[in-house]
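For reference, the chains in residue letters:
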Amino acid sequence: MTDYIGLKKSNCKNCYKCIRNCPVKSIRFADHQANIVPEECILCGRCFVACPQNAKEVRSDVPAAKALIATGAPVWVSLAPSFVACWDGAAVDALEKALKALGFAAVEETAVGATIVKTEYERIVREGQQVVISTCCHTVNLLVQKYYPEALGALAHVLSPMQAHCKDIKRRCPEARTVFIGPCISKKDEAESYPGVVDCVLTFEELSAWLAEEHIELERVAESRAESRARLFPTTGGILRTMAEKDPEYAYIAVDGIENCITAIQDVAAGKLGKCFIEMSACAGSCIGGPAMGKNRRAAVRDYVAVDRYAGPRDFPVVQPEPEKLRKPFRLLATGAVKPGSAAIEEVLRQMGKTKPSDELNCGSCGYDTCRDKAAAVLAGKAEVTMCLPYLKDKAESFSDHIIESSTNAILALDEDFRVQQFNESACRLLGMDGEELRGAQMADILDPQVFCETLELGRTVRNPRLYLERYDKYVEQRVSFDESYRIFICAMRDITDEERRRAQREEMSRSTVEITDKIIAKQMRTVQEIASLLGETTAETKVALTKLKESLGHE
């Protein structure tokens, strides 16, 4: 499968939101980047819509559409009926005028193909197929093909409205090339998986960007057409509302939203359902909730009303093809994923610090529903052990606590109200307090608050290389900082009492030595003077030498 949804690496921020929103977890997280696994992806587009950093981008096929137009062949547009929910007040006539300005030859509504498809659905029900799942939604089809092969037989082997319409266009105009425009990303894959029918697929977002590039604005013109009932297709239950024939033996059910579809498909695969026709759409609200309707456009009720009012009471006039010409094959697209054994999962859980069932919080912060699902993803190379938030939190706290507790320096953490929140054993020893006394203690009761206020006022770390704590009769080297993010003070103190006392002893020793030296010099001077008076020699040189000796001892 081609990479229809790409990644802007610079924007991926380790939030795991795409994994949380991916119904089949087809995302590989490596090197702090979330990459889609194409062979597992069902192209629901939920990762694209959910990404808070706009790190996902849909492949643009506007250049391909322009290339088709440049060939000179007539290029027809099959326009999804959900367009009335995308562009408020714009009728098909307004879109046709704008699209022709871009170079397209003709514009028709995909609802024409929807009329053909719903008629074929009615025929299949008449034939008595036990369970029939509509196949308009390519994402639903991929879900069954890749993950629930047991339900393949329940899929209605019928072309989608997009394919049926483009095939009908080429029947009427054999030289025509076709471009489908709608709110769906998976239609790009459908067109390429069944070549020769749809030549190019654009999303509504791509068309909006193209129109803006060419400075083309849509006219707001009202339009109504009685023969347009299939315009209901992009709404939940829209297919059922267009089906004129309903077999009383069948239950007719509309299921939207990928989670609901998965639940229903599981029941089908398990053989739990009797005769029923199930209209399935991966998007909540059906196609009007498509991922390419526009990221900022999510108005389910208003969009439903817009489509409902635009649809007429009767069918489009169509030439109904033979069933064989509408048949669509569905092949198995197994992902090849192998479920790991319990021993391997237990080992990964152990690496995440989960050694007993109560450790498995299943919080979902990593994007997976359970810790065991996450462990299986790690074994499959799609996730990393460090994606576990409780694991990282415990590891960080343990590492932090270990550093604090093993430090020989006294460390205190205080809140904005100057109350002690955290401390280590060295702090208890330095202050002569036990943990109960120290926890929650007011800073003014244990330390001078001046340096803390100075730190807050200056907005920087304040260091005091020699501070005497009078109430504790200790000298400390103190460093106080304030963390703006967490609004806490961090005070680190190194006990330098012994150093200070040794320094004081050395100073006292030096002072005593100087005094003794002074006395010796004075005594020696008297002796020298006596000798000099007897010998008649000057004492200048002797005095200088002894003075230097005194000064030298004084410096020590």
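Everything below is about the structure printed above this text.
Residues numbered from 1 in each chain as written. Predicted model: local features only at pLDDT ≥ 70, side-chain atom pairs only at ≥ 80, totals over all residues. Heavy atoms only, no water.

A. Representation of the overall build of the chain in the model. A count of helices and strands for the chain gives 22 helices and 16 strands. The C-alpha atoms of the chain give 40 Å as radius of gyration, which overshoots the globular expectation for 556 residues (24 Å, by more than 25%). Overall, the chain is about 145 × 55 × 40 Å in size when its C-alpha atoms are taken along their principal axes. Split into buried and exposed, the 556 residues of the chain put 46% on the buried side. Taking as baseline every contact in the chain between residues at least 6 positions apart, the subset at least 24 positions apart corresponds to 67%. Total accessible area computed for the chain in this model is approximately 28000 Å², and 51% of it derives from carbon and sulfur atoms. Of the charged side chains in the chain, 73 are positive and 81 negative, and the gap between their average positions amounts to 3 Å. (Helix = DSSP H or I, 4+ residues; strand = E, 2+ residues; numbered from the N terminus. Rg over C-alpha atoms; globule rule 2.2 N^0.38 Å. Buried < 20%, exposed > 50% of the residue type's maximum accessible area, 1.4 Å probe, protein only. Contact = heavy atoms within 4.5 Å. Areas by Shrake-Rupley, 256 points an atom, 1.4 Å probe, with all protein chains shown as cover. Lys, Arg positive; Asp, Glu negative; His and termini not counted. Charge placed at Lys NZ, Arg CZ, Asp CG, Glu CD.)

B. Quick look at the sheet that holds strand β6 (residues 106–109). Here four strands make up an open sheet; going across it, the order is β6-β5-β8-β9 and the pairing parallel. Each of the sheet's edge strands pairs with one partner strand only, and the pair in question is β6 and β9 (200–203). Ignoring which end each strand starts from, the neighbouring axes of this sheet average 25 degrees apart. Across the sheet, helix α5 (residues 92–102) touches β5 (75–79), β6 and β8 (177–182), and the angle it forms with β6 is around 150 degrees. (Pairing = 2+ DSSP bridges. Axes fitted to C-alpha atoms, helices over the stretch in contact; angles between N-to-C directions.)

C. Layout of a nonpolar patch on the surface. Together, V301, Y304 and V305 make up an exposed nonpolar region whose accessible area comes to about 250 Å². One can find Y304 in helix α13 (residues 300–310). (Patch = residues over 30% accessible without salt bridge, like charges linked within 9 Å, V, L, I, M, F, W, Y side chains within 5 Å. Salt bridge = Lys/Arg side-chain N within 4 Å of Asp/Glu carboxyl O.)

D. Just the side chain of Q145, in detail. Of note, Q145 is situated in helix α7 (residues 138–147). With near-sequence residues (within four places) excluded, Q145 lies in contact with L152, F330, R331, L332, L333 and A334.

E. Representation of the layout of surface pockets. The volume enclosed by the largest pocket comes to roughly 1000 Å³. As for the largest pocket, its lining consists of 31 residues, of which V24, K25, Y147, K339 and K382 are closest to the centre. Those elements that place two or more of their residues in the lining of the largest pocket are α7, α12 (258–269) and α16 (371–379). A class-by-class count of the residues in the lining of the largest pocket yields 18 nonpolar, two polar and 11 charged. (1 Å grid on protein atoms, 1.4 Å probe; cavity = no way out; pocket = protein on both sides within 12 Å on 5 of 7 lines; lining within 4 Å. Points joined across faces, edges and corners; volume = space filled by probe spheres on them. Nonpolar A, V, L, I, M, F, W, Y, C, P; charged D, E, K, R; others polar.)

F. Representation of the sheet that holds strand β10 (residues 251–256) in the model. Pairing is parallel in the open sheet, where three strands are placed in the order β7-β11-β10. Looking along the sheet, the strands with just one partner apiece sit at the ends: β7 (131–133) and β10. When the angles between neighbouring strand axes are averaged without regard to direction, this sheet yields 15 degrees. Note that β7 and strand β11 (residues 276–281) share three bridges and pair parallel. Looking at β11, one finds that V132 is bridged to F277.

G. Looking closely at the pairing of strand β12 (residues 410–414). Where burial is concerned, most of β12 is hidden: five out of the five residues are buried. The side-chain alternation of β12 yields two buried faces, one formed by A410, L412 and L414 and the other by I411 and A413. Bridging between β12 and strand β16 (residues 488–495) involves five bridges; their strand directions are antiparallel. The partner of A413 across the bridge, within β16, is I490. Pairing of β12 with strand β13 (residues 420–423), which is carried by three bridges, proceeds in the antiparallel orientation. In the strand pairing of β13, L414 is matched with V420. Following β12, the chain reverses through five residues before pairing antiparallel with β13; F418 in that reversal takes a positive phi of roughly 60 degrees.

H. Fine view of the packing of α7 against helix α9 (residues 186–193). As a packed pair, α7 and α9 sit with axes 9 Å apart at the nearest point and diverge in direction by 70 degrees. By the angle class used here, α7 and α9 are roughly perpendicular. When α7 is examined against α9, the residues H138, T139 and L142 are found in contact with a partner set consisting of S186, D189 and E190. Of the residues belonging to the contact of α7 with α9, the class tally is one nonpolar, three polar and two charged. (Parallel < 35°, antiparallel > 145°, perpendicular 65-115°, else oblique.)

I. How the structure looks around helix α6 (residues 111–127). Under the 1.5 Å per step criterion, the end-to-end length of α6 is 25 Å for 17 residues, consistent within 8% with the ideal 24 Å. Across the 17 residues that make up α6, a large majority, 13, are buried. (Expected span 1.5 Å × (residues − 1).)

J. Looking closely at the pairing of strand β15 (residues 474–483). Here strand β14 (residues 462–469) pairs with β15 via six bridges, running antiparallel. Bridge pairing links L469 to K474 in β15. Counting the residues that bridge the hairpin from β14 to β15 gives four residues, and of these D473 lies at a positive phi of roughly 50 degrees. Direction of pairing for β15 relative to β16: antiparallel, over a ladder of eight bridges. When the sheet's bridge partners are listed, R479 is paired in β16 with A492. Hairpin remark: β15 followed by β16, antiparallel, with four residues in the connecting loop; positive phi at R487, about 55 degrees.

K. Inspection of the packing of aromatic side chains at higher detail. Per the counting criterion, the structure on display carries 11 aromatic pairs. Aromatic pair Y16 and F29: ring centres 5.0 Å apart, planes at 75 degrees, arrangement edge-to-face. In this pair, Y16 sits in the loop between β1 (5–7) and α1 (17–21) while F29 sits in strand β2 (residues 27–30), placing the two residues 13 residues apart along the sequence. For the pair Y16 and F29, a shared accessibility class is recorded, and that class is buried. Taken together, the aromatic side chains of Y121, Y250, Y252 and F277 make up a single cluster linked through ring pairs. Sitting over the ring of Y252, K246 keeps its end group 5.9 Å from the ring centre. The ring of Y194 has K328 lying over it, and the distance from NZ or CZ to the ring centre is 4.8 Å. (Phe/Tyr/Trp six-rings, centres within 6.5 Å; stacked < 30°, edge-to-face > 60°. Lys NZ or Arg CZ within 6 Å of the ring centre and 35° of its normal.)

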